[in-house]
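Structural characterization, general
Single-letter residue listing:
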Amino acid sequence: MDRYINTISGLLDVVEKYANGNAILLSKLTSEMKLFRNAEHDFGRVSAKNNRTLLPPGILLFSYSK
C-alpha cells in the first residue's frame, strides 16, 4: 500500500511542479485526474477502460482529489 501512496504523492508532486504556482493550471491538471477516475470523455473509451484494469488498484487512490 505504501508504494501506491508514494505513486500518488509523486504524481501530485509533478503536477504541482508543472503548474509552477499557477492555480488555474493546477486545477485543470487535477481535473484530468477526476476524468480518469470517473472514466469520462476519452477516458470512457473502451480501450481506456480496458487498460484501467492493468493499473495497480492504489492508483485510483487519487479519488480524494474530488
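How each quantity is defined
- The residue numbers shown here count from 1 along each chain, following its written sequence.
- Local features in a predicted model are, by the rule used here, given only for residues with pLDDT of at least 70; side-chain atom pairs are given and counted only at 80 or more, and totals for whole chains, interfaces and linings are based on all residues.
- In computing side-chain values, all of the structure's heavy atoms are included and hydrogens and water are not.
- Elements are defined by DSSP. Helices are runs of H or I of four residues or more, strands are runs of E of two residues or more, and each kind is numbered from the N terminus.
- Think of it in three bands: with a 1.4 Å probe and only protein chains considered, a residue is buried below 20% of the maximum accessible area for its type, exposed above 50%, and partly exposed in between.
- We get accessible surface area from the Shrake-Rupley algorithm with a probe of 1.4 Å; when it comes to residues, only the shown protein chains can shield them.
- Should a side-chain nitrogen of Lys or Arg be within 4 Å of a carboxyl oxygen of Asp or Glu, the pair is scored as a salt bridge.
- Any helix carries an expected span of 1.5 Å times its number of residues minus one.
- Pairing of N or O atoms within 3.5 Å defines a polar contact, subject to two protein rules: one partner must be a possible hydrogen donor and the other a possible acceptor, and residues neighboring in sequence count only if both atoms are side-chain atoms.
- Along the chain, pLDDT gives the predictor's confidence residue by residue, from 0 to 100.
- Throughout, a residue-residue contact means that at least one pair of heavy atoms, one from each residue, lies within 4.5 Å.

This brings us to the overall build of the chain. Within the chain one finds 3 helices and 0 strands. The linear arrangement of helices and strands in the chain, starting from the amino end, is α-α-α. Per-residue burial over the chain gives 24% buried out of 66 residues. Approximately 4,900 Å² of the chain is accessible, and the part contributed by carbon and sulfur atoms is 57%.

A complete count under the given rule lists 1 salt bridge for this structure. With a shortest N-O distance of 3.1 Å, R45 and D42 are connected by a salt bridge. The same class applies to R45 as to D42, namely exposed.

Another point: the environment of S27. Looking at the secondary structure, you find S27 in helix α2 (residues 23–37). Taking relative accessible area as the criterion, S27 reaches 45% and is therefore assigned partly exposed. Taking the C-alpha atoms as reference points, S27 and E16, separated by 11 residues in sequence, lie 9.9 Å from one another.

Between the first and last C-alpha of α2 there are 21 Å, a value that for 15 residues agrees with the 21 Å anticipated at 1.5 Å per step. When we look at burial in α2, the residues that qualify are T30, M33, L35, F36 and R37. Regarding α2, its N-cap is N22, as a side-chain oxygen of that residue lies 3.1 Å from the backbone nitrogen of I24 further along.

When pLDDT is averaged along the chain, the result is 75; 71% of the residues meet or exceed 70. This model gives residues 60–66 a pLDDT under 50, and the stretch forms 18 contacts once residues within four places in sequence are excluded.

We now examine unusual backbone geometry. With phi around 50 degrees, N20 is a residue other than glycine that occupies positive phi space. Mapped onto the elements of the fold, N20 is located in the loop between α1 (2–19) and α2. Phi at A39 takes a positive value of approximately 50 degrees, unusual for a residue other than glycine. With respect to the element layout, A39 can be found in the loop between α2 and α3 (46–52).

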